[in-house]
Amino acid sequence: MHPTRPLALLLGALAAVSPLASASTATAAEAKAAEATASPAQAAGLRTFERDVRPILKTHCFHCHGESGVTEGALDVRLRRWLIRGGDSGEAILPGDADGSLLLERIESGEMPPGETKLSDEEITSIRDWITQGATTAREEPESLDGGDYITEEERNFWAFQPIRRPAVPEVGEIPQVGGPAIPQPIDAFILERLHRDGLALSEPADRRTLIRRATFDLWGLPPEPEMVEAFVHDEHPRAYENLIDRLLASPRYGERWGRHWLDVAGYADSDGYTNEDVEREFAYFYRDYVIDSFNSNKPLDQFIREQLAGDEMAGDEIASGDAELTPERIAQLAATGFLRMAPDGTASGGIDRDLAINETIADTLEIVSTSLLGLTVGCARCHDHRYDPISQADYFRLRAIFEPALDWKQWKQPRQRRISLYTAEDRRERAAVEARAQEAQEARTRRQQEHIDRTLEEELLVVPDEVRDALRVAYKTEKSKRSEVQVALLEEYPSVGNISPGSLYLYAQQRARRAGDIEKAAAEREAKYIAAAQQKLQADQSDQSAQAEQLVTAETLAEFDPEGFAEVQRYREAARICREQNAQAELAEMQEAVAAIRSTAPEERFVRVLTEPTNHTPPTHLFIRGDHNQLGPQLEPNELTVLTTFTPASIPVDDPELSTTGRRLAYARHLTSGEHPLLSRVLMNRVWMHHFGRGIVDTPGDFGRLGSAPTHPELLDWLADELMRSGWDLKRMHRLLMLSQTYRQSSARSETLDSVDPDNRLYARMSVRRLESEAIRDAMLAVNHSLLNQLHGPPVPVKEDAVGQIVIGKEMLDGERKPTGEELNSPGSSRRSVYIQVRRSRPLAVLETFDIATVSPNCTSRSYSNVSMQALLMMNSQFVIDQADRLAERMIATSDELPEQLSRAWQRCFGRPIEEPVLAELVQFVEKQAATFQSRDPKLAPETIDRMALATACQAMFSSNQFIYID
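Residues numbered from 1 in each chain as written. Predicted model: local features only at pLDDT ≥ 70, side-chain atom pairs only at ≥ 80, totals over all residues. Heavy atoms only, no water.

**Some details on the state of the cysteines**
Under the criterion given, the structure shown has zero disulfides. Unpaired in terms of disulfides, Cys61 finds its nearest cysteine sulfur in Cys64, a separation of 8.4 Å. Judged by its relative accessible area of 11%, Cys61 is buried. Cysteine Cys955 shares no disulfide, and the gap to the nearest cysteine sulfur, in Cys910, comes to 6.6 Å. (Disulfide = S-S within 2.5 Å. Buried < 20%, exposed > 50% of the residue type's maximum accessible area, 1.4 Å probe, protein only.)

Below, the structure written as structure tokens:
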């Protein structure tokens, strides 16, 4: 075991973890983003029911007073006139008389709403002011709410539901920079326009070493090689940076990096979750590979979305009927529907409420779809109208109806039923030929097995009494159902014969030495009997006593006097020899292995996990009253959320006559990607911005609703969303646009001015320092020591629980009690990128979990970035980190014999910049002290071992430093 390494000597200079920016602060842009059309009452400064009071009542009171027909105390609070009408206790409000209004009295006393959650002081003040001012409405109220989808103008006017309109680019003048002022590109113009309001400007450009490390981690999730850094630093071409971005985007590493981002929001997992069993999902990796390939090929994002929602319907009617030729394009389209198969799914598990599990899987699927594509928490409307956003429960089930034909809870398909074989016609022919050879070998084994059974029968019959031998043989060979009572009893009396079977043959093989001994004993007894009989006969036949005395019968002469007896004895002994020599268990096992070896030559059958609809299948969708699938409400037809159809109506067919499927998902996918949808491109570009700048323009990427963060730069977000669509949904073009901006290329240096005005950098007057994700930290350690295996595609690298309960890479080996054996096997591909590590919901890899791996329950729209002591402890004590530091030390020793040179090169590989002399001197001193410590602990250590261990400690300290796990 490697000695403990005292990192404390160096970690003062190379701290393990530094705090991230704290909570956000509001900006003026947030207020501007949510402006609504003012009514006369609002223009006069009066509070109105729709804007100021209804949202409060909807959050706290609708559930018991109006929603789903529930009106406790006969009071419905959904409209102002119904509040005046009141309920069993009389009028709920008296316009102009707040103190006399029963509603306000109950709220202020804390009596209502029931439970622990009460209205805030601000909410109570709003209601009081509204009543005092006359309880006005902004406009005439609807006559009825029977449709259940009443959405006020204030709700419709929320910024996220407005059409995407391309704003004019602000005119902000030129940007001062080295080499002369530059005209800002649109992104910089929007950022500068907002900065200028607070008297701020962009920071100085980052130096080239910082910039290439930032860009390479952003697009690859890996550190740049030292050669890349030096080439870029000394590249005098005017387009050196643009060319760098193009090279990074052209690499397969890009798809792995940005594919991982999408897999988070898709909830990608290699296990089903839901139950503690957490069954592994075989072949889930086809979806992961589809995502990576889509990013690498720069598949237009609109096509990317359509394929994931309806790839099976895009692939043609033959898919539903099972007659399609699986071309590479169709396989990709089918693999894409794995997006709708990522939710936890326990429907194949035992001991569950199956209907509940089915509906949970459907609900989680809708959660993934809505948070990833719409940026809305639609799932909050599953049991009741959304408390904050204008999404009714009917809306939720209309959205569910789009997916119901493929996710029919009444005719549910378990996971293994939702997959399509990738076998080709040639694969099937080859497999048939292989199976024919295997069948021949299997038949030969079956014949040999019968020979062993027959032999074992005869061996057992040799040691039973002679008088029952023939009867036993007949009884055994008689068909079981036709045996007489006498035969059954006889076989029970002699179980050594009656129990012979293919299943028990291995037991007889194990007892063959005992049986051979019994046969040899019987042979000896018979031989003695035959010798005595022959001697007696000889004596009777001879009258000359002297001759008799000279002639005796012995084992050697028995054949002369009793040939038949001698032959029988020899038959017994030959049977004993064969019994002792022949091992049926081993021989049959060897023959079975030969059968398996033949079958192993057949092409491996792989399956793609898909979501498909049966042909001509249009199941009804019912609203579940209070979300209970046992209480069916009205039937609903498929449609988009009502509030999103205000400016862009959707046309979702109940059953498209042009398709063998309903066509609902395909129509919805086309609606989302039509270029008119208010949310999709905003949500996508906000997420792209987040991964480049550390936070989204909307800081809640999965929630663009009322409870989410308002956009800091709403006009910029709309410009980016529109630009994405105008560019043909070209993501790589958008990367270039963002990364070529001066906003992106700024330094991350802080100043007192910036910290006082915008401490959280929400206005982007500098670049934010960001911590790497857990996968990037692990991959970076593998990359800098040349261990990283760049291998695209394929099954995931398995994980297991080790002997002390940690989740590590490796194939699980369990003993008879299902405990880890402790045997450590080098799993193939253990140094592959983290995106290829198996994602078990119940078993996150320890080295990834500590640094905030995505929690896919059911998906992850934004990762957290904690700062806890466990992270520093992991970097100091993890065997994985220690091993990677050892490998880096070995690599450096192989390239140079001089310690300063070894340290300098390690530093360059870890941080992409030359080491400063004072730091180098400190590191040299540190390594020398470590070497002395190791020598004193174990004088028997070889000098080269001590040197490697000491250098590895310094390498581990580099891995643990801020410079390694943060990018600026």
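Now that the structure has been shown, the text picks up again.
**Regarding the nonpolar core**
Here is a general trend for soluble globular proteins: nonpolar side chains tend to be buried in one another's company. Counting residues in hydrophobic clusters, the biggest one holds 187 residues, and the most contacted among them are Trp262 and Leu309. Per-element tally for this core: the top contributor is helix α41 (residues 943-959), with nine residues. Core analysis: the next-biggest nonpolar cluster, separate from the first, contains 21 residues, Val53, Cys61, Leu75 and Leu119 among them. (Core = buried A, V, L, I, M, F, W, Y, C linked by side-chain atoms within 4.5 Å. Helix = DSSP H or I, 4+ residues; strand = E, 2+ residues; numbered from the N terminus.)

**Some remarks on a nonpolar patch on the surface**
Together, Val868, Met870 and Leu873 make up a nonpolar patch on the protein surface, roughly 250 Å² of accessible area in all. Looking at the element boundaries, Val868 is found in the loop between α36 (846-849) and α37 (869-877). A relative accessible area of 39% means that Val868 is categorised as partly exposed. (Patch = residues over 30% accessible without salt bridge, like charges linked within 9 Å, V, L, I, M, F, W, Y side chains within 5 Å. Areas by Shrake-Rupley, 256 points an atom, 1.4 Å probe, with all protein chains shown as cover. Salt bridge = Lys/Arg side-chain N within 4 Å of Asp/Glu carboxyl O.)

**Concerning unusual backbone geometry**
At the junction of Met112 and Pro113, the peptide bond is cis and its omega measures out at -5 degrees in the coordinates. In this structure, the amide linkage connecting Ser857 to the following residue, Pro858, adopts the cis form with an omega of 0 degrees. Relative to the elements of secondary structure, Pro858 occurs in the loop between α36 and α37. Not every positive phi belongs to a glycine, and Asn761 is a case in point at roughly 60 degrees. For Asn761, the position within the fold is in the loop between α34 (752-757) and β5 (770-771).

**Some thoughts on helix α18 (residues 354-374)**
With 21 residues, α18 should cover 30 Å at 1.5 Å per step; its first-to-last C-alpha distance of 29 Å lies within 8% of that length. Here α18 starts with a cap whose side-chain oxygen sits 3.4 Å from the backbone nitrogen of Asp355, and that cap is Asp353. (Expected span 1.5 Å × (residues − 1). Polar contact = N/O pair within 3.5 Å; in protein donor to acceptor, adjacent residues only side chain to side chain.)

**Concerning the packing of helix α15 (residues 301-314) against helix α30 (residues 664-672)**
Their axes nearest at 8 Å, the elements α15 and α30 cross at an angle of 140 degrees. Relative to α30, the element α15 is oriented oblique. Between α15 and α30 the crossing geometry is left-handed. Of α30, the residues touching α15 (which contributes Arg306, Leu309, Ala310, Asp312, Glu313 and Met314) are Arg664, Arg665, Leu666, Tyr668, Ala669, Arg670 and Leu672. Broken down by class, the residue content of the contact of α15 with α30 amounts to seven nonpolar, no polar and six charged. (Axes fitted to C-alpha atoms, helices over the stretch in contact; angles between N-to-C directions. Parallel < 35°, antiparallel > 145°, perpendicular 65-115°, else oblique. Left-handed = near helix turned anticlockwise from the far one by under 90°. Contact = heavy atoms within 4.5 Å. Nonpolar A, V, L, I, M, F, W, Y, C, P; charged D, E, K, R; others polar.)

**Structural notes on the packing of helix α25 (residues 512-541) against helix α28 (residues 563-581)**
Between α25 and α28, the least distance of the axes is 8 Å, while the angle of their chain directions is 170 degrees. One element, α25, and the other, α28, form an angle in the roughly antiparallel class.

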